[in-house]
Amino acid sequence: MRNNENQKPEFVLQFLKGFQFAEPKRIIEVKAFFSEAFLIHADEDSFDDKEYRTEWLNAINYLNDLSEEIAKFSETEINEQIDVAVKILESQEVAHA
C-alpha cells in the first residue's frame, strides 16, 4: 500500500481530465437517447422482466441526475472549472489526515 502523505489525488485528476475530454454535455444526449430507446422498446418481451426493466430505469435515472447537474453550467464553465481544479490538485500535496 502506498504512503498517503504527500500524494496527489491521481484518480481524481484522471477522472476530471477524462470527464472534460468526454464532453460533459454529451451525457445529456446519452440520457435522452436511452430514455427514448426505453420508450420505443418498452412493449418488447424483454421488458416484461421486472429486473431488466428496473435496470434500465435505474440507469436512466442515474444519467438524469448527472444531466441535471451538468445542464446548470455551460460547456465553457465546466471546462474552466475543471482546469482550475486540476491546476490546484496538481500543485498541492495532499496530506494524510
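This section reports on the structure supplied with the text. (Residues numbered from 1 in each chain as written. Predicted model: local features only at pLDDT ≥ 70, side-chain atom pairs only at ≥ 80, totals over all residues. Heavy atoms only, no water.)

Overview of the nonpolar core
Counting residues in hydrophobic clusters, the biggest one holds 8 residues: L13, L16, I27, L63, I70, I78, I82 and V86. Breaking this core down by element, the ones donating at least two residues are α1 (10–21), α3 (50–70) and α4 (75–91). When residues in this core are grouped by element, the largest group, 3 residues, is from α4. Sequence-distant contacts of V86, defined by excluding residues within four places in its chain, comprise L13, L16 and K17. (Core = buried A, V, L, I, M, F, W, Y, C linked by side-chain atoms within 4.5 Å. Buried < 20%, exposed > 50% of the residue type's maximum accessible area, 1.4 Å probe, protein only. Helix = DSSP H or I, 4+ residues; strand = E, 2+ residues; numbered from the N terminus. Contact = heavy atoms within 4.5 Å.)

Let's talk about the packing of helix α2 (residues 26–41) against α3
The geometry of α2 relative to α3 is characterised by a closest axis approach of 9 Å and an angle of 150 degrees between their N-to-C directions. With respect to each other, α2 and α3 are oriented roughly antiparallel. When the axes of α2 and α3 are compared, the crossing they make is left-handed. Residues I27, I28, V30, K31, F34, S35, A37 and F38 of α2 form the contact with α3, whose own contacting residues are R53, W56, L57, I60, L63, N64, L66, S67 and I70. In terms of residue class, the contact of α2 with α3 is built from 12 nonpolar, 3 polar and 2 charged. (Axes fitted to C-alpha atoms, helices over the stretch in contact; angles between N-to-C directions. Parallel < 35°, antiparallel > 145°, perpendicular 65-115°, else oblique. Left-handed = near helix turned anticlockwise from the far one by under 90°. Nonpolar A, V, L, I, M, F, W, Y, C, P; charged D, E, K, R; others polar.)

So yeah, pure geometry; function would need other evidence.
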